[in-house]
Amino acid sequence: MRGASGLLLLAVLLAGVGVGDGKILGARMSWELNPLFEGDDVTSVRKVTLKLTSAWETVGVCTAVVGQAVSGAGCVVESNFGQLCWYACRDVTNMACDPIQCVDNALVRDQPPGLDSEIFSQPYFQGTLTQEVTVPENKDMVVAFLKWADPSGGTFEMTSGGRSDYWVGFDPANSALFAPDMNPIVPTFIPLCTGAPETDGSVATCRLGQLENYYSPVPVYPLIVASPPDLSMQAPSYLKVSDLDGHQLKVEKAQSYVSGAWSSDPRENQGDLFHDVDPAGPSNGPQVLYSSIVGSRYTAKWIEVVDRTYDRLEPTDLQSSYKIFSRYSDTQASVQLALSVLDPSAGRCSATNPPPFFTAAAGGTAPLGASHVTEMECEWVAGFPGAPNCAIPLHAHTPGTAAGSYYMVRVRSAFGFPALDTACGDTQCEGDSRPCCCRSQGGKTCEYVPKLGEGAASNPALLGNPWTQDDIGKFFVSCFVATAERYNLPVLASNGAQEGPCPSLPMCVKVRITGRKPRFVAPTPLAPNSRDSAGADVPGRTDVGACLGYPLQLTLKAEDPDAGDGVRIFVTDPVGGTGNFDFFASQLTGAQANGTFDCGTFGPYGAVRTGDNANQTSASLLDFPPGLQPTISADSVMAKLKPTVSFSSGGAGQGVAYTLRLGADNGVVNRPQPNPSLADQNYRQLVLNVDQVVCGAAFDDSRTRYKRWVGERVDG
């Protein structure tokens, strides 16, 4: 595993987030590389963009608004947001690392005030810092983390319970990079490549196409959670993770800190592999489990997610998007998320005002089950507003039944997430100081539209697909809570709440924006006329006749409904000539039959591709640099394509030319009667080879256009 020192200490990170004096309550970090990071000496841009989000306990009234830079003196205890720090190393026999660099954690507020102060005894604050880092050419890894040391003298407790198993083998004693009071939080490991030649004169690793990770996994969940005292009726709560590289993912470790000790729950999917878009169909992702808080104001949760890169990014056949995954190695990225779980303030929840919960339908009285899907895909369509409508229904219910009482239920954004829009249609919230809630008596249903476009908030008619084409392949995550308040009957406008708001656990939803696939159009032969030997229809296959001596020109045409997408067609013999010749093999190339030559004296078929992308003769697409064998390649979303692979704008047309000819033995042979007697009449046999099946597929250039993996996630 890459690196020999310095990282074990980083992974011992979170025992005290929310446990000590409570100044910082949570954080998460992610990153992405410049698309040209692996370019040549002229085009290479060796920059990494770090994104650090952190949650803090505020002092007084923090007046910063969403999108505004925050002054520590006005918002956080002790005027200290800490620093974002990083250092770069070279993986050699003795780890060679540059000095640590740090910048102040100059946050921009991304969470509106309100919910925190209503549920907790004091307000909290969340902000994000985005920092671009330049990596020296002789370094091939970066470690970044949040450094925070409490000026009042308190420090985070370092405990083995928060140690990362992923970074096993790193010895901090060999590095001496860290001061005892540095308290690194949510460190991330960024695997890179060198841009300078090696000391032995060998080529820089960035010139060999060995960079696999351009995007880190991105785990998203509220950094501050109000845990209701009674969890018996709560719907499952799920962590949402995405990876624009399209990699497989794994929860390496998930720990909870309760009453001075770390514990884990096997139901939190620890160690399980998953995808951000499940190939088997809609799913929910890793579950986040909670336990009752006993004798402690705070508890903490610490989650580490790693990715697993692919051996093949592009298809080597027409059956899958990519094939198998490599072992865990020095190319995997590691990110972490820390959150605090707090008690709601006194008077919020009780037997007469129990926690509400999310339900599957309007009027539902049972909490959501594990089968309820909270991850979905929404197709981008031109001509906003368009169809299909990808709004997400949110239903909540309170089980409260106290005599002489009625209940108001709200659905609202969880801590740290953008406000719900007033377009959810509940006029009862218009006078509320926070117009991000939807409230009604007893139960509540409202509608959420991810990333609602600017100017659409006041016009419910614009509910539809609020994305642009540039969003294809991106993920949008939002988390919600339901709250319940108890009022005394009768229902009067002047009534004040007797108890509440009592919160539910978060319900998070994840949406991936999809583009539209290219499609075959006329004159492509698409008639469903093919049958098997038993006479049954074969879906997706069309029979085309070839007549002896007459040229056959099979014409395929494909278009893509997404404007600007390039299209290519690739036609191949899916069997590859097993026991036979490939359909596109030619005598001129000295082709040989594949496998056992068991088809008599038949020769190559000699079919020829014509038109767009006719020079692509292999399903293998990537242009491997000299010196890098495909068997050990490290594919990435920025990998270049072979010069023989080409896309056509607006659509593509490809032909297959084939002529069945006597004498060429390309599907038919003339077999005369062997040694006929003089008394017999001479005869001959025309022997036909079995029907040949060729397959065509149309692809767009979305990966190279959007610089991220926008296709399906296929394992195997």
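What counts and how
Residues numbered from 1 in each chain as written. Predicted model: local features only at pLDDT ≥ 70, side-chain atom pairs only at ≥ 80, totals over all residues. Heavy atoms only, no water. Core = buried A, V, L, I, M, F, W, Y, C linked by side-chain atoms within 4.5 Å. Buried < 20%, exposed > 50% of the residue type's maximum accessible area, 1.4 Å probe, protein only. Contact = heavy atoms within 4.5 Å. Pairing = 2+ DSSP bridges. Helix = DSSP H or I, 4+ residues; strand = E, 2+ residues; numbered from the N terminus. Axes fitted to C-alpha atoms, helices over the stretch in contact; angles between N-to-C directions. Polar contact = N/O pair within 3.5 Å; in protein donor to acceptor, adjacent residues only side chain to side chain. Disulfide = S-S within 2.5 Å. Salt bridge = Lys/Arg side-chain N within 4 Å of Asp/Glu carboxyl O. Phe/Tyr/Trp six-rings, centres within 6.5 Å; stacked < 30°, edge-to-face > 60°. pLDDT = per-residue confidence, 0-100. Patch = residues over 30% accessible without salt bridge, like charges linked within 9 Å, V, L, I, M, F, W, Y side chains within 5 Å. Areas by Shrake-Rupley, 256 points an atom, 1.4 Å probe, with all protein chains shown as cover.

Further remarks concern the nonpolar core. One recurring pattern in soluble globular proteins: nonpolar side chains tend to sit buried together. In this structure, Leu33, Phe37, Val48 and Tyr221 are the most contacted members of the largest nonpolar core, which totals 76 residues. When sequence neighbours within four positions are dropped, the list of residues in contact with Leu33 reads Lys47, Val48, Ile190, Leu192, Leu211, Asn213 and Tyr214.

Okay, the sheet that holds strand β29 (residues 519-521) next. Strand order in the open sheet formed by four strands is β29-β30-β34-β32, with antiparallel pairing between adjacent strands. Each end of this open sheet is capped by a strand with a single partner; those strands are β29 and β32 (608-611). When strand polarity is set aside, the average angle formed by the axes of neighbouring strands in this sheet is 35°. Bridge analysis of β29 against strand β30 (residues 551-559) gives three bridges, and the strand direction is antiparallel. The residue bridging Val521 from the neighbouring strand is Lys557, located in β30.

Now for the environment of Asp543. Here Asp543 lies in the loop between β29 and β30. Residues Asp543 and Pro525, spaced 18 residues apart in sequence, show a C-alpha to C-alpha distance of 8.4 Å. Once residues within four sequence positions are removed from consideration, Asp543 is found in contact with Asn529, Ser530 and Arg531. Among the polar contacts listed, one links the side chain of Asp543 to the side chain of Ser530, at a separation of 2.8 Å.

For the rest of this paragraph, the subject is the state of the cysteines. Here the structure, examined in full by the defined rule, presents five disulfides. In this model Cys89 forms its disulfide with Cys97; the gap between the sulfur atoms is 1.9 Å. Of note, the bridge from Cys89 to Cys97 carries an S-S torsion of about 105° and is right-handed in sense. Across the disulfide, Cys479 is cross-linked to Cys508 (sulfur-sulfur distance 2.0 Å). Sign of the S-S torsion, about 105° for the bond between Cys479 and Cys508, identifies this disulfide as right-handed. A residue pair is termed long-range when its members are at least 10 positions apart, and Cys479 in strand β26 (residues 475-488) and Cys508 in strand β28 (residues 507-514) qualify at 29 residues.

With that out of the way, let us pick up the pattern of salt bridges. Throughout the structure, instances matching the rule amount to 14 salt bridges. When the shortest N-O distance is used, the salt bridge between Lys510 and Glu375 registers 3.5 Å. Of the two residues, Lys510 sits in strand β28 while Glu375 sits in strand β21 (residues 375-379), which places them 135 residues apart along the sequence. One exposure class covers both Lys510 and Glu375, and it is buried. Ionic pairing is found between Arg516 and Asp562, a salt bridge with its closest N-O pair at 2.8 Å. You can see Arg516 sitting in the loop between β28 and β29 and its partner Asp562 sitting in the loop between β30 and β31 (566-572), a full 46 residues away along the chain.

Tallying each qualifying case throughout the model produces seven aromatic pairs. Seen in terms of ring centroids, Phe583 and Tyr605 are 5.3 Å apart; in terms of plane orientation they differ by 45°. Their pairing is tilted. Within this pair, whereas Phe583 is found in the loop between β31 and β32, its partner Tyr605 is found in the loop between β31 and β32, the two being separated by 22 residues in sequence. Judged by relative accessible area, Phe583 falls into the buried class, the value being 8%. On the basis of relative accessible area, Tyr605 is assigned to the buried category, the value being 3%. Centre to centre, the rings of Phe583 and Tyr658 are 5.1 Å apart; their planes meet at 50°, and the pair counts as tilted. Residue Phe583 is located in the loop between β31 and β32, and its partner Tyr658 is located in strand β34 (residues 652-659); the two are separated by 75 residues in the primary sequence. Summarising the burial analysis for this pair, Phe583 and Tyr658 share the class buried. Aromatic ring contacts, followed pair by pair, group Phe583, Phe584, Tyr605 and Tyr658 into a single cluster.

Taken over all residues, the pLDDT of the protein chain has a mean of 75, while the share at 70 or more is 70%. Counting interchain partners and residues more than four positions distant, the pLDDT-below-50 stretch residues 151-181 has 91 contacts. In this model, residues 430-436 is a region of pLDDT below 50 whose contacts with residues beyond four sequence positions or in other chains number 16 contacts.

The next point concerns a nonpolar patch on the surface. Taken together, the side chains of Leu548, Leu662 and Leu686 present a nonpolar region at the surface, about 240 Å² in accessible area. For Leu662, a relative accessible area of 40% gives the class partly exposed.

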